[in-house]
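# Structural description and commentary
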Amino acid sequence: IRVFDPACGSGNFLVIAYKEMRAIEAEINRRRDEADRRTEIPLTNFRGIELRDFPAEIARLALIIAEYQCDVTYRGQKEALRDFLPLDAQNWITCDNALRLDWISVCPPTGTGVKHHADDLFHTPLDQPQIDFENEGGETYICGNPPYKGNADQSKDQKDDIRRCFSGIDVNWKSFDYICGWFWRASNYSKITKAKFAFVSTNSICQGQNIFYFWKPLLADGLKIEFAIRSFRWRNLATENATVTVVVVGCSREDGTCFLFDNDIKQEVPQINPYLVPGDNVFVERSSRPMSSLPQMTKGNYYGLSDGLLLDEGGRVNLLERGLPPAYIRTFKGGAELVKGVQRWCLWFPQPCLPADAADIPEIALRIEAVRESRLASPDAAAIKMAERPHQFREMNDCTKWSIAIPNVSSESRPYLPVTLENRDVIFPNTAFAIYDGELFCLAIAASKLHLVWTVTVCGKLETRIRYSNTLGWNTLPVPALTQKNKADLTRCAEDILLAREAHFPATIADLYAPESMPEDLRAAHERNDEVLERIYIGRRFKNDTERLEKLFELYTKMAATPNKATKARKVATA
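Every residue gets a number counted from 1 within its own chain, in the order that chain's sequence is written. Local features are withheld for residues below a pLDDT of 70 in this predicted model, meaning they are given only at 70 or higher, and side-chain atom pairs are given and counted only at 80 or more; totals for whole chains, interfaces and linings count all residues. Heavy atoms from the whole structure form the basis of all side-chain values; hydrogens and water molecules are not counted.

### Details of the sheet that holds strand 18 (residues 432-436)
Reading across from one edge, 10-18-14-16 is the order of the 4 strands in this open sheet, with antiparallel pairing throughout. Either end of the sheet is taken by a strand with one partner, and the two such strands are strand 10 (298-299) and strand 16 (420-423). Any two strands with at least two DSSP bridges between them are considered paired. A run of H or I in DSSP becomes a helix once it reaches four residues, and a run of E becomes a strand once it reaches two; helices and strands are each numbered from the N terminus. The pairing of strand 10 with strand 18 spans 2 bridges and is antiparallel. In the sheet register, Lys 299 faces strand 18, and the bridge partner there is Phe 433.

### Some points on helix 20 (residues 545-561)
To estimate the expected span of a helix, subtract one from its residue number and multiply by 1.5 Å. An ideal rise of 1.5 Å per residue puts 24 Å on 17 residues; helix 20 measures up with 24 Å between its terminal C-alpha atoms. Of the residues making up helix 20, those classed as buried are Thr 546, Glu 547, Arg 548, Leu 549, Lys 551, Leu 552, Phe 553, Leu 555, Tyr 556 and Met 559. Of the surrounding secondary structure, the elements contacted by the buried residues of helix 20 are strand 6 (224-234), strand 8 (258-262), strand 9 (265-269), helix 15 (449-459) and helix 19 (520-538). N or O atoms within 3.5 Å of each other form a polar contact, as long as, within protein, one can give a hydrogen and the other can take it, and as long as residues adjacent in sequence are counted only when both atoms are side-chain atoms. Looking at where helix 20 begins, the residue whose side-chain oxygen comes 3.2 Å from the main-chain nitrogen of Thr 546 is Asn 544. Only protein chains enter the area calculation, which uses a 1.4 Å probe; residues under 20% of their type maximum are buried, those over 50% are exposed, and those in between are partly exposed. Residues count as neighbours in contact if any of their non-hydrogen atoms are within 4.5 Å of one another.

### Here we look at the nonpolar core
Buried residues of nine kinds, namely Ala, Val, Leu, Ile, Met, Phe, Trp, Tyr and Cys, make up a nonpolar core once their side-chain atoms join them within 4.5 Å. Ranked by internal contacts, the top residues of the largest apolar core, which has 97 residues, are Phe 166, Phe 214, Trp 215 and Ile 445. In this view, Phe 214 contacts Phe 166, Phe 176, Cys 180, Phe 183, Trp 184, Ile 205 and Gln 209; residues no more than four positions away in its chain are not counted. In this structure, Leu 310, Tyr 328, Ile 364 and Phe 393 belong to the second largest nonpolar core, which totals 20 residues.

### What about the side chain of Ser 292?
Following the sequence through the fold, Ser 292 ends up in the loop between strand 9 and strand 10. By relative accessible area, which is 5% here, Ser 292 ends up buried. In terms of polar contacts, Ser 292 uses its side chain to reach the backbone carbonyl oxygen of Leu 477, at 2.8 Å.

### With respect to the confidence of the model for the protein chain
The predictor attaches a confidence to each residue, and that confidence, scored 0 to 100, is pLDDT. For the protein chain, per-residue confidence averages 89 on the pLDDT scale, and residues scoring 70 or more make up 90% of the total. The low-confidence segment residues 112-130 (pLDDT under 50) makes 36 contacts with residues lying over four places distant or belonging to another chain. The low-confidence segment residues 565-575, where pLDDT is below 50, has 4 contacts with residues more than four positions distant or belonging to other chains.

### Focus on the pattern of salt bridges
By definition, a salt bridge exists where a carboxyl oxygen of Asp or Glu is found within 4 Å of a side-chain nitrogen of Lys or Arg. One pass over the full model with this rule turns up 37 salt bridges. For the salt bridge of Asp 160 with Arg 164, the shortest nitrogen-to-oxygen distance reads 3.2 Å. With Asp 160 and Arg 164 both in helix 6 (residues 156-166) and 4 residues apart, the pair spans about one turn of that helix. Given the relative accessible area of 43%, Arg 164 is considered partly exposed. Between Lys 191 and Asp 221 there is a salt bridge whose closest N-O contact spans 3.0 Å. Of the two residues, Lys 191 is situated in the loop between helix 7 (180-189) and strand 5 (195-202) and Asp 221 in the loop between helix 8 (209-220) and strand 6; the sequence distance between them amounts to 30 residues. Asp 221 gets classed as partly exposed once you look at its relative accessible area, which sits at 35%.

Have a look at this one:
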């Protein structure tokens, strides 16, 4: 058995693996009455790749020390010292870039069989000899904790590493996390040898568009997720390594039972999909319209190159004092304003032309002209086109009664999404989404635990924060057909949530939904809302998030296979 860590650092994974295998061997020897038997497990079966020189040397030394410690434990101090010195000159820790190095050169395939060229795995030119096999009948287990780097955080060299990995492959690799490179190389390696692999990864690799663009081609190529540990908080021993939410994903190319671990629960299942949920592989794609019978959710009005239309308190008061009619000033609420209670305003002129009672005010004319000039100066053709109506944002969406709003980015620590109900005075920028004039039962659904779990799973994250999307989080949300009674019950739940918030005025959403200090009456209102909604799905509360997702994916699969009536009607009308 070989253990191979292609991001080994100082060798922690290899050392633990070595010690665990020595413990198993020692028990076998004890049962055979050969407790003093010298180990059959060579250090050279524990191989690693590390980018930096010093940790690579530490990893080799750590394995040598681990061997000595195990010899002391199982064979005694005298035998351990006799075999400890001189130190073995062999070294199977390679200092190199794991996403550029040929893994076969570090850990050749085991067993015998059809030989492959290295280019079959790593897309390098056909200038390498056929691969030599070693360790006939052996097994290789790849494991590790590769670097976590989202697309926005990758250095130029790291982006080039990913480009090299996926060059020539028809996948949208530019958005991939850095760790995707290790999964991809391990998957290719497992094609030609009896190898399984598992990595600790940020949970983002099993969320959002990574599923469609990354996991779909891997699974289509014959890979399967053999076991997984769902999201948990974890911190390793690396310098300045913050606590992160991670998963462990184990893959192979063998058929058999799968195991899913969620907190202290171990579940034996036939298959694990790339969202780390029991069930068939499913790939949630963006939808331009709700797949359930829900109203449309719209992204807020794009306000780039519109600084002159935005007002702080001083600007608002100044313009009112100079005679601007109050109807032309509206409250402006994006993500920060919705959650933290920050106050901003904007000029709002829905007319095709700037009205005369506003144009006559010099300060307004100056603001509008500044907007026009900034748009004309842009290299973007769409922005230049917007200069034709400098008194307006790109979109001019608003409501007649009220709006249900959700920020596009919010904290992952809150127990619910920060959904709010706003009056008709409020204008939303593109840092928020809105259901204009939506019925209150929609707020109950949007503020539910079910919606949060679905959003985190299918939308993904921005760094560690929740990144909301109407085309993924709302339009794909599977909701059963609702009766009038269902809607009435959910409307009452939404009213209770709003009344509980009002009771704590002027507390902001950030104040109310702080995990450790959420008011009990508000928490109780959400619990009632969750119970009412979840009973619509299965007649009771769900046991946990895994069960929630199982049901949601089951319904999504049916929805995707059978378009809803609204979609059918649109297709007929188009035809």
